[in-house]
Each structure stands twice: as C-alpha cells, then as structure tokens.
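# Report on the structure
Each chain, written out:
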Amino acid sequence: MERILPILKKVSEVSSFAETPPVILEGVTELLDGCGGFVTLLRDGRCLDHGILDGQVLPLKERGWLEEVIGKDGPILIKASSPLPDPLTHLSDKGIGSMVAAPLKGEGFSGAVAIFRREEAFDGDDLRTLSTLSACLSPVLEKVLIQEELKGLRSYWRGILQSIRDGVCVTDEQCRVIMCNQAFREMVGMRPDGRDCADVISALGIEELSCCSILDGKGRFEKRFRYRDRHLHLSVFPMEGGKGVVGILRDVTDEERLKESLLQSEKLAAVGTLVSGVAHELNNPLTSVIGYSQLLLSKDLDEGLRKAIERIAHEAERASKIVQRLLILGRRRAPERIFTEIKEIIGGVVDAFREKLEEKGIELRLSIADDLPLVMVDPVQFRQVLSSLLINAVEAIREAGGEGFIEVVAGRVPFEDGEGVEIVFRDSGPGVPSKIRGRIFEPFFTTKDVGKGTGLGLSTAYSIVKDHGGDLFLKESNEGATFVIHLPPAERGGGKERGGRRILAVDDETNILELVEGILVPAGYEVDKARGGKEALEKVERGDYDLILLDVKMPVMSGIEFYRRLEEIRPELCRRVIFLTGDVVSRETMEFVKRSGRPLLAKPFQMEDLLKAVSNFFK
C-alpha cells in the first residue's frame, strides 16, 4: 500500500481530468516493473488515452477488447503461454509476452489500465497489487473530475455574474465580501472584495442597514437612494441556510427620469385641461371685445375716443395672445381649416427667407399663377410645411458648395373633383441618392451626423400634407432635388354670387350673434340669427341659407348635434357650414370638424378674418 500512495497523490494533484492517463500509466508501470502499457478513460463519449512502450508513445488504434476489461469486476491476467487479444497481437512482434489489466470505474467515467512485460510473467501478487490500485484510483479520479467540474462551473457562473448589468455582492457568514461583479464595483466606486459588509454600507451612506441582522433572518432590506449622480435601488437578503448575505444593486436612474417625465406630462395634461376650459370661457368675451372695438374703429370718431378704443382693442388682443400662450404651454393649439388663398402663404414664407438666403449666395426664385383656386388648409401648419422644404433645400445647397438657387413654382393641377394647387420646390443641390429616395419621408430618417438633425422635418411635412388630403412626393430630376405638393380644391358651398347672400349665424351668446351681424351686414350680406342649435334647426326647416356660421359648444343642442340633424333633414346645407368656436382644444370637437371636412375659424377672431373666410367661401 505504501508503494501505491505516491501514485494516488500525484493523480490527485493534477488540475485536469485529461491529464490523469499519463500520470497513472507512469506510476503503475514503475509499480509493476512493466516495459510499457496504456490507460484509457471514457467520459461523456470522449476517449482519453495514453500508451507507452520502452519509453516511446504507443499508438493504439484498436480498443474494442477494453469493453471486456471494463465489464469485469476485477483485473485479468494474460500469461506468456496465452496469446494476446486480437487487437493487440501486433505487440507480440515487439516481444510482449504477458499482460495484466484492470477496470477503472467511477461516477461519470469508466476505463482500464494495462501493463506489459516481455520475459518475466505477471503473477498473483501483481494481480492483487493492480486490483488494490484500481480500487483506490476510482475515488481519486472522481475527486479530480468533481474539482474540474466545479472549476468549470465556477468559471461559468462567474461569466454569468460579470454579464449581469445589476451589481451583485455576496458575503460569507462573518459578513465579509467574498464575491462581487464588476457592475457592483463600478456603482460603488470601490473594490469591496474581502472587506466587511459594514464598510460598503457606510460608503453608500445607508445608516439603517445591518448585514448581521439580515443574516440573523430578520427579513430583507430594500431602499432607493441617490448616490453620486445616479439613482440606485439596493436589495439585501440572506442566502438559504444562513451561509451569507446577497446584495443586488440596480441603477434606476433612467427609470426615475422616466417617472419624472411622466409626472411632468401629467402636470402638463392637467394644465392643458384647465387651460382649455379657461380658454373657451375667455374666447367668447374676447371675440366680442375685439370685434366691437374694430367695428367702432371703422367709424368716424374724434381723436380722443379713437385712441381710447384702440387701447381697448390692443389690450383685448394682448389678452388673446396670453390665452394662446397658455394653450401652447398646455401642448395645445387651435387648429384651423379655412378657405385660403395659398398664394399669400407661399409669398409670406418666401419673403421671410429671401433676405437671409441672398446673403448666403442662394437665389430664391418665385413664380405663382394669378388664378390659383382656393384650398382649405391650416395656415400655421402649412407655413411649417413650406418652411421645412425651404430649409431642406438650403441644407442641400450648402452640402454642394454653399451657393445656388431655389425655385418655387405654384400653379394648377387637375383633381377628380376639379382643379387643385401644385407647388414645386426645385434646388440646385446634389439631389437625393437613389438608394435613399424611398426612405426620405420616414420619421427619424436622416443622413446628417448625430446631433445635427432629427429626421422629422420631411416626415412631419408629409404627414401634414396627407392630413389635408393632398400629396407630397419627390420627383425625378436631372439636377438637384424636386419636391412637389398637390393640394385638392376646397369644397365650396355653392352659394350665390355677390348680392343677396343669406347667412345664418348660430351661437348661444347674443353678443357674438350681434357682432357677426354688425360685421357682415355692412359688407352686403343678409344675416339671420339663431340663439342655439334648436332654434337654428327650426329656421333651416322653414327657409334656405347660402352659409351657416355654426358655434360648436352650445347648451341644449350643441353644434355637433345640430350638424348631425342637418345631415338627416337638409344634407345639401352641410356643405355650406363654417364652424366658429372657442372650444379650440377639445379632442371631440377637433375630430368631428376634421371628419366633417368643413372649415373652422377659431375664436377670438379679427373682423377681417371673418370677412375673408366668408368672402372666400362665396368665391
């Protein structure tokens, strides 16, 4: 046994199971005075072997006979008088005359060891020695295999631990840190390995936590706190069996920022709801103040009285602008769809850009046909569309060298229901590469460097034009880029030509009705008034009107209810409606007006705005 122990010790000291065959073979060959031999181990379908004869590596290609050895309960002896097994007969040519072999069996592996001699035959003592050795080797090999697997598992789990974005820290039973991942070290800004848990807690500034109390089974500890410039969430709990404490540290900075953003959005939504109610209540009286002051200013007044009324008008408009700023603060703006001379919008946008562009060496050419048909658009949104296309053209020219021209041409274009408007933007830039033409209207798509563009300009313009029932597209061009806008013709009401045009004004406030009458009658229109939807319904059942100016938010019967009844009893009059409303931020109102396809003029409005909307309707 004393001769066996050194072999067992050497085998137990190897770091890998694959390294055991040569160590085993060397020890057993020396132990049994053999001239060579081999060791084969089978593990997980893999074969680990090593063969030696007279100090030289012995290649063994045939090992089928090992299955017989492994199947035995003990060693086998082949004497010199017996032939070697068929797969090993070639060893007879090398003078091998006797062989002893024994199985190696254990948890997770199997195998065999065989030793050769040339002249002196193996005897019973050799057989017993090999039997003892093989019996002792099995548990040693099991230990090597377990250690290797534990090492692999340790490496595997360490890899998983390091891959986790959360910080993980583990202590032993004495609350000393025995393991933590890189994420934990980075969050706390120190290497806590080997330190007392209390040191780490103190560094984080958490006074109410004691790892020892957690270890004693007093539940788990959780806390959100701010550390340096980050928001962290710490969760500490005992390991099962009281072997230590585990701490999980999570960076929740983005989550906290999202919460703050959502809270801010909720606040803005609340502000928006409050503002929308206030705006509606203010818009009607402001409409009266602004309208009546403008009516008075249209008359002959002495200088002192005129100045006083001008001051009233100025302050009312100032109040109106304050309401509009509040709407912007609440993320809401009063959208309008009114009959519009698109020529004025195009000219205004081009004039706003012209001077600055000419200073940069960019020539701005403008050509607008005189007889463009009316379109129904939101002027603010459409100025945004035209500005986006001009800015896009300017940036393209700057990429091509900084000088060139932008040409804006507006004319007529045929639609199924008449002639609409075509607006063409052509620039002398490098053009749009064919590989990205299909993506230029996608949200967030941009060819600019990071931080130099959002990719929302063209996509927003495209959405606005489509929302107006039109189209925006890129046209094939040999030079530069050519963007084209098509806007459908406005659906007019089919009213009479100037003279004898009869208008029904519907509102629940007498002041507004009298104001509308005071503005339109001097302009040659005949105005009938209805105080509310119910009275208006009775009037349209008895008579005919060329235009209906309809408020939306009214008691008893709202403008929406009136319009729906109108669709049932006088559908032809629905095409003769212009909505006038101070309820400019209600989603229900805006969605209804949009579905109706009728123009909207938001209160408070200027006298000239009302006159222009009515005049354009009858053109």
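Just so it is clear, the model here is predicted, and its values are computed rather than measured.

## Things to note about the overall build of the protein
Helices and strands together make up the secondary structure of the protein, namely 17 helices and 23 strands. Counting over 619 residues, the protein shows a buried share of 46%. The contacts of the protein with a sequence gap of at least 6 include a subset with a gap of at least 24, amounting to 62%.

## Re the pattern of salt bridges
Oppositely charged side chains can pair when the atoms bearing their charge come close. Within this structure, the stated rule accounts for 33 salt bridges. In this structure, E419 engages R412 in a salt bridge whose closest nitrogen and oxygen atoms are separated by 2.6 Å. Judged by its relative accessible area of 40%, E419 falls in the partly exposed class. By relative accessible area, which is 36% here, R412 ends up partly exposed. Residue R570 is joined to D544 by a salt bridge in which the shortest nitrogen-to-oxygen separation is 3.0 Å. Placement of R570 in the loop between helix 15 (559-569) and strand 22 (577-581) and of D544 in the loop between helix 14 (533-542) and strand 21 (547-550) is noted, with a sequence separation of 26 residues between them. In this structure D544 comes out as partly exposed when scored by relative accessible area, which is 40%. One continuous salt-bridge network, built from bridges that share partners, spans R224, E255, E256 and K259.

## Digging into the pairing of strand 18 (residues 482-487)
The buried fraction of strand 18 amounts to 6 of the 6 residues, a majority that puts the element mostly inside the structure. Across the two faces of strand 18 the burial is the same, with T482, V484 and H486 and F483, I485 and L487 all buried. Relative to strand 18, strand 16 (residues 418-427) is paired through 6 bridges, and the arrangement is antiparallel. Paired with R426 across the two strands is T482, which belongs to strand 18. In terms of strand pairing, strand 17 (residues 471-475) meets strand 18 through 5 bridges, oriented antiparallel. When the bridges of strand 18 are listed, L474 appears paired with F483. Adjacent in sequence and paired antiparallel, strand 17 and strand 18 are bridged by 6 residues, among which G480 carries a positive phi angle near 65°.

## What to know about a negative patch on the surface
Where like charges cluster on the molecular surface, the negative patch consists of E26, E30, D33, E120 and D123. By the secondary structure assignment, E30 is in helix 2 (residues 20-31). E30 sits in the exposed class, given a relative accessible area of 59%.

## Topic: the side chain of T20
Looking at the secondary structure, you find T20 in helix 2. Under the relative-accessibility criterion, T20 is labelled buried at 0%. Once you skip the residues sitting within four places of it in the chain, T20 turns out to touch V11, V14, L41, L141 and V144.

## So, the sheet that holds strand 8 (residues 177-180)
The antiparallel open sheet is built from 5 strands, whose spatial order is 8-7-11-10-9. Edge positions in the sheet fall to strand 8 and strand 9 (221-227), since each of these pairs with one other strand and no more. With direction set aside, neighbouring strand axes in the sheet form an average angle of 20°. Summarising the sheet, strand 9 and strand 10 (residues 230-238) pair through 7 bridges and their orientation is antiparallel. Bridge pairing in strand 10 places K223 opposite L234.

## Examining the state of the cysteines
Applying the stated rule across the entire model yields 1 disulfide. One disulfide bridge connects C197 with C211, the sulfur atoms lying 1.8 Å from each other. Placement of C197 in helix 6 (residues 197-204) and of C211 in helix 7 (residues 211-215) is noted, with a sequence separation of 14 residues between them. Here C197 matches C211 in class, with each residue buried.

## Observations regarding the pairing of strand 21
What you see with strand 21 is no split at all: L547 and L549 on one side and I548 and L550 on the other are buried throughout. Bridging between strand 19 (residues 502-506) and strand 21 involves 4 bridges; their strand directions are parallel. Looking across to strand 21, one finds that A505 is bridged to L549. By the bridge criterion, 3 bridges tie strand 21 to strand 22 in an arrangement that is parallel. When the sheet's bridge partners are listed, L550 is paired in strand 22 with F579. The β-α-β motif built from strand 21, the intervening helix 15 and the parallel element strand 22 has right-handed crossover chirality.

## Regarding the packing of aromatic side chains
In total, this model carries 8 aromatic pairs according to the counting rule given. Judged by centre distance (5.7 Å) and plane angle (45°), the rings of Y563 and F579 are tilted. You can see Y563 sitting in helix 15 and its partner F579 sitting in strand 22, a full 16 residues away along the chain. Taken individually, Y563 and F579 each receive the classification buried, so the pair is uniform in this respect. Aromatic pair F617 and F618: ring centres 5.1 Å apart, planes at 85°, arrangement edge-to-face. Residue F617 is classed as buried on the basis of its relative accessible area, which comes to 1%. Clustering of aromatic rings is evident, with ring pairs tying together Y525, F617 and F618.

About the thresholds
- Residues numbered from 1 in each chain as written.
- Predicted model: local features only at pLDDT ≥ 70, side-chain atom pairs only at ≥ 80, totals over all residues.
- Heavy atoms only, no water.
- Helix = DSSP H or I, 4+ residues; strand = E, 2+ residues; numbered from the N terminus.
- Buried < 20%, exposed > 50% of the residue type's maximum accessible area, 1.4 Å probe, protein only.
- Contact = heavy atoms within 4.5 Å.
- Salt bridge = Lys/Arg side-chain N within 4 Å of Asp/Glu carboxyl O.
- Pairing = 2+ DSSP bridges.
- Patch = residues over 30% accessible without salt bridge, like charges linked within 9 Å, V, L, I, M, F, W, Y side chains within 5 Å.
- Areas by Shrake-Rupley, 256 points an atom, 1.4 Å probe, with all protein chains shown as cover.
- Lys, Arg positive; Asp, Glu negative; His and termini not counted.
- Charge placed at Lys NZ, Arg CZ, Asp CG, Glu CD.
- Axes fitted to C-alpha atoms, helices over the stretch in contact; angles between N-to-C directions.
- Disulfide = S-S within 2.5 Å.
- Right-handed = clockwise from strand over helix to strand, strands pointing away.
- Phe/Tyr/Trp six-rings, centres within 6.5 Å; stacked < 30°, edge-to-face > 60°.

Remember that the coordinates give geometry; whether it matters functionally is a separate question.
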